[in-house]
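# Chain and residue survey
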Amino acid sequence: MTVAQGVFYLIAALAVTGGLGVVLMRSAVHAALFLILAMLAVAGLYILLASEFLALVQVLIYGGAVTVLLIFALMLTRASDLPETMVGSQWPLAAVVSSLLGGLLIAAVATSNWPGDVGETTLVPFEVLGDALFRRWAVPFEIASLVLLVALVGAIVLSHQDEGE
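What you see as residue numbers is a count from 1 along each chain, following the sequence as written. Where local features are concerned, this predicted model is filtered to residues with pLDDT of at least 70; where side-chain atom pairs are given and counted, the filter is 80 or more; whole-chain, interface and lining totals use all residues. As a rule here, side-chain values cover all heavy atoms of the structure and leave hydrogens and water aside.

## Structural notes on the environment of L129
Counted only if it meets this: Helix and strand assignments come from DSSP, with helices taken as H or I runs of at least 4 residues and strands as E runs of at least 2, each series counted from the N terminus. Throughout, a contact is declared for two residues whenever any of their heavy atoms are within 4.5 Å.
The topology assignment puts L129 in helix α5 (residues 126–136). Between the alpha carbons of L129 and F53 there is a distance of 9.7 Å; along the sequence they are 76 residues apart. Among residues more than four places away in sequence, those in contact with L129 are F53 and V124.

Structural data, given as structure tokens:
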């Protein structure tokens, strides 16, 4: 095993641990912190793939902005007033179905014929990438930011309503 493979397995284990923590934590804030761990681990995988730009975007947008927005929305709403819905009669069925799907995924990965060497890759200059992001895809990025802003304002409005309203 090479050093790169060892680092890959370590980062992949962190990503899986973060994903399991998101799903299994009862506290929404702890689940959001595990989401940050999973997002940072995915950024580490992007670095191993020599895609530094995607790693930077992963850390800044997903690991930072979206997770912070999620934590603010959870803290501003009265989520603690809601009844606990994590444990119920659906839990055993969900565990069986998720175990079956996980086994199916592992079997598919184990029996696939993965290519060994993909050959030479072509590098896209940053100028072309920046031109595509800030000219062609500027409007979708702005729409996504407006949707996140509306969600945050909605959480603030919902958290400041009085009991009688």
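The structure having been displayed, the exposition proceeds.
## Points about the confidence of the model for the protein chain
Which entries qualify depends on this criterion: Think of pLDDT as the predictor's per-residue confidence, scored from 0 to 100.
Per-residue pLDDT for the protein chain has a mean of 82; in total, 86% of the residues score no lower than 70. The weakest mean pLDDT in the protein chain belongs to helix α3 (residues 52–76) at 79; the strongest belongs to helix α1 (residues 3–24) at 92.

## Here's the deal with α3
Keep this limit in mind: Each helix should span, by expectation, one fewer than its residue count multiplied by 1.5 Å. Partly exposed residues are those whose accessible area sits between 20% and 50% of the maximum for their type, while under 20% is buried and over 50% is exposed, using a 1.4 Å probe and protein chains only.
Here α3 contains 25 residues, and its C-alpha end-to-end distance of 34 Å stays within 8% of the 36 Å for a straight helix at 1.5 Å per residue. Of all the positions in α3, only A55, Q58, G63, T67, L69 and I71 are classed as buried.

## Quick look at the packing of α1 against helix α2 (residues 28–48)
Quick reminder of the rule: To define axes, lines are fitted to C-alpha atoms, for helices over the stretch in contact only, and angles between the resulting N-to-C directions are given on a 0 to 180 degree scale. Working rule for angles: under 35 degrees goes down as roughly parallel, over 145 as roughly antiparallel, 65 to 115 as roughly perpendicular, anything else as oblique. Put simply, a crossing is left-handed when the front helix is turned counterclockwise from the back one by less than a right angle, and right-handed when it is turned clockwise. Residues are grouped as follows: Ala, Val, Leu, Ile, Met, Phe, Trp, Tyr, Cys and Pro are nonpolar; Asp, Glu, Lys and Arg are charged; every other residue, Gly included, is polar.
One can describe the packing of α1 onto α2 by two numbers: an axis separation of 7 Å at closest approach and a directional angle of 155 degrees. The angle between the axes of α1 and α2 places the two elements in the roughly antiparallel class. Judged by the sense of rotation from one axis to the other, the crossing of α1 with α2 is left-handed. Across the interface between the two elements, V7, F8, I11, A12, L14, A15, T17, G18, G19, G21 and V22 of α1 pack against A31, F34, L35, L37, A38, A41, G44, L45 and L48 of α2. Of the residues in the contact of α1 with α2, the class split is 15 nonpolar, 5 polar and no charged.

## As for the side chain of Q58
Its place among the elements puts Q58 in helix α3. Non-local contacts of Q58, meaning those with residues more than four positions away in its chain, are made with M39, V42, A43, Y46 and G63.

## Quick word on a nonpolar patch on the surface
Stated precisely, the cut-off is as follows: Within this analysis, patches are made of residues with over 30% relative accessible area and no salt bridge. Like charges are joined at 9 Å or less; nonpolar side chains (Val, Leu, Ile, Met, Phe, Trp, Tyr) at 5 Å or less. Note on areas: these come from Shrake-Rupley sampling with a 1.4 Å probe, and a residue is covered only by the protein chains present in the view. Salt bridges are identified by distance alone: a Lys or Arg side-chain nitrogen within 4 Å of an Asp or Glu carboxyl oxygen.
A surface patch of nonpolar side chains, about 640 Å² in accessible area, is lined by M1, V3, V7, F8, Y9 and L48. When residues in the nonpolar patch are grouped by element, the largest group, 4 residues, is from α1. Looking at the element boundaries, M1 is found in the segment before α1. By relative accessible area, which is 76% here, M1 ends up exposed.

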